[in-house]
Amino acid sequence: MNTAPLSPNSWQYRALNTQTPGLDALSDALLALVEQGEPVVAGTADLQYSNGLAKFAQHYPERFVQFGISEQNMVSCAAGMAAVGMKPFVATFASFLPLLCCEQIRMDVAYSALPVRLIGHHAGISLGFYGTSHHATEDLAIMRAIADITIVAPADANQLKAAIKASANHPQPIYFRIQRGRDPVVYEEEPVFEFGKATTLLTGDELTIIATGSTVHPALQAAKALNAQGRSVGVLDMTTVKPLDVDAVLRVARQSRAILTVEEHNIIGGLGGAVCEVIAEAGIGTRIRRHGIYDEYSLIAPPTHLYRHYRLDAEGVESVARELID
């Protein structure tokens, strides 16, 4: 990587000096692991300014690899690094990582049981105008079907930092599904994070909304609005999509009369499917609705317009919740 000083007039300089908490969180967490003595290395496929790894590269250029537009090669190289004792974190768009690199993830990483950390950023429909080819609405389904991979979708920057730091000694490969780095705050400070454990944000006996990643904040806002109107709505942050917190799902299934899952993903094969599997196998008769992208190719528009169209903003989630409980 070229480590020459950047011109203040360059877009790279502006990208590095723009406050984007979610992207800063990724590099900050990796820097903290290095300071703890972890053999962390990072790599990306020509997107270090999009995912914030340029900050890590500035501090530790010898630990950073710019793979260029060769995502499959990046994943295989990360497996090689892990095989010799390094702890690689490699990042690219979530639309490319699980889909384009599925074979390399399955064979080189998961089947080989190597602790590679795969970071799929700009997940869901957050790339907006880049179009359907750059929207990741199938990645959870693909990664859930690959054995021995942990899937984590942090709700905000603080939770991302906590999850990255907690990954230091996690034995399995991990797929981190993150957004654009502009996520609204859900956790005011770094929360205690444990893989496979959900976080109860609100409790309710009429309805529990189970959300993950980018949908946690709108789900929380929707629940608060409904509760202010005299309803009883809870929110469960299912940060780890795999392994799913089965105990938490069964608890809210018995506690609430209905469950609404919310995800920025196709309703098939993602969080909603995982929750339905648990409830069906337990034989619990709780009413449930999956909400997300309804098995279609997403439209092209600014992210804010898309969230409103698919009812994945706070008002949209509230309206879907009302349809379920009214």
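Residues numbered from 1 in each chain as written. Predicted model: local features only at pLDDT ≥ 70, side-chain atom pairs only at ≥ 80, totals over all residues. Heavy atoms only, no water.

The protein chain appears in an unreviewed UniProt entry as Transketolase from Pseudomonas japonica. Comment text from UniProt for the protein chain, heading Cofactor (unreviewed entry), reads "thiamine diphosphate". (UniProt positions renumbered as here; feature names shortened; annotations may be inferred.)

> Is there a simple way to explain the domain arrangement of the protein chain in this structure?
It is common to give the size of an interface as the accessible area that goes away when the parts come together. Assigned domains within the protein chain: domain 1 (13-177) and domain 2 (199-325). The gap between the C-alpha centroids of domain 1 and domain 2 is 26 Å. Residue-level contacts link 29 residues of domain 1 with 32 residues of domain 2. Regarding the contact of domain 1 and domain 2, the summed buried area is about 2,200 Å², with carbon and sulfur atoms giving 57% of it. It is I125, T137 and R144 that lose the most area in domain 1 upon contact with domain 2, and together they represent 31% of the buried surface on that side. With its nearest N and O atoms 3.0 Å apart, the salt bridge here joins E277 to R144. Here domain 1 is connected to domain 2 by 22 residue pairs in polar contact (both at pLDDT 80 or more). Listed by contribution, the elements that provide at least two residues to the side of domain 1 that touches domain 2 are α8 (139-144) and β5 (150-152). When grouped by side-chain class, the residues that make up the side of domain 1 that touches domain 2 number 15 nonpolar, 9 polar and 5 charged. (Domains from an automatic or database assignment. Contact = heavy atoms within 4.5 Å. Buried area = accessible area lost by both parts, 1.4 Å probe. Salt bridge = Lys/Arg side-chain N within 4 Å of Asp/Glu carboxyl O. Polar contact = N/O pair within 3.5 Å; in protein donor to acceptor, adjacent residues only side chain to side chain. Helix = DSSP H or I, 4+ residues; strand = E, 2+ residues; numbered from the N terminus. Nonpolar A, V, L, I, M, F, W, Y, C, P; charged D, E, K, R; others polar.)

> Help me out: how do you make sense of the packing of helix α11 (residues 246-255) against helix α12 (residues 271-282) in this one?
A pair of packed helices can be characterised by two numbers: the angle between their axes and the separation between those axes. Relative orientation of the contacting elements α11 and α12 amounts to 65°, with a least axis distance of 10 Å. With respect to α12, the axis of α11 lies roughly perpendicular. For the pair α11 and α12, the sense of crossing is right-handed. From α11, V246, V249, L250 and A253 reach across to α12, where they touch V275, V278, I279 and A282. By residue class, the composition of the contact of α11 with α12 is 8 nonpolar, no polar and no charged. (Axes fitted to C-alpha atoms, helices over the stretch in contact; angles between N-to-C directions. Parallel < 35°, antiparallel > 145°, perpendicular 65-115°, else oblique. Left-handed = near helix turned anticlockwise from the far one by under 90°.)

> Can you walk me through the pairing of strand β1 (residues 40-44) in this structure?
Side chains on a regular strand alternate between the two faces of the sheet. In terms of burial, β1 is largely enclosed, as 5 of its 5 residues are buried. With burial as the criterion, each face of β1 is covered, one bearing V40, A42 and T44 and the other bearing V41 and G43. Relative to strand β3 (residues 87-93), β1 runs parallel, the two sharing 5 bridges. Residue pairing across strands places G43 opposite V90, the latter belonging to β3. The pairing of β1 with strand β2 (residues 64-66) spans 3 bridges and is parallel. (Buried < 20%, exposed > 50% of the residue type's maximum accessible area, 1.4 Å probe, protein only. Pairing = 2+ DSSP bridges.)

> How should I be thinking about the nonpolar core in this particular structure?
Counting residues in hydrophobic clusters, the biggest one holds 29 residues, and the most contacted among them are I125, L207, I209, L260, V262 and L312. Counting residues per element, the ones that place at least two in this core are β8 (207-211), α10 (216-228), β9 (233-237), β11 (258-266), α13 (303-309) and α14 (314-325). Dropping the residues within four chain positions of it, L207 is found in contact with S232, V233, G234, S256, A258, I259, L260, A321, L324 and I325. (Core = buried A, V, L, I, M, F, W, Y, C linked by side-chain atoms within 4.5 Å.)

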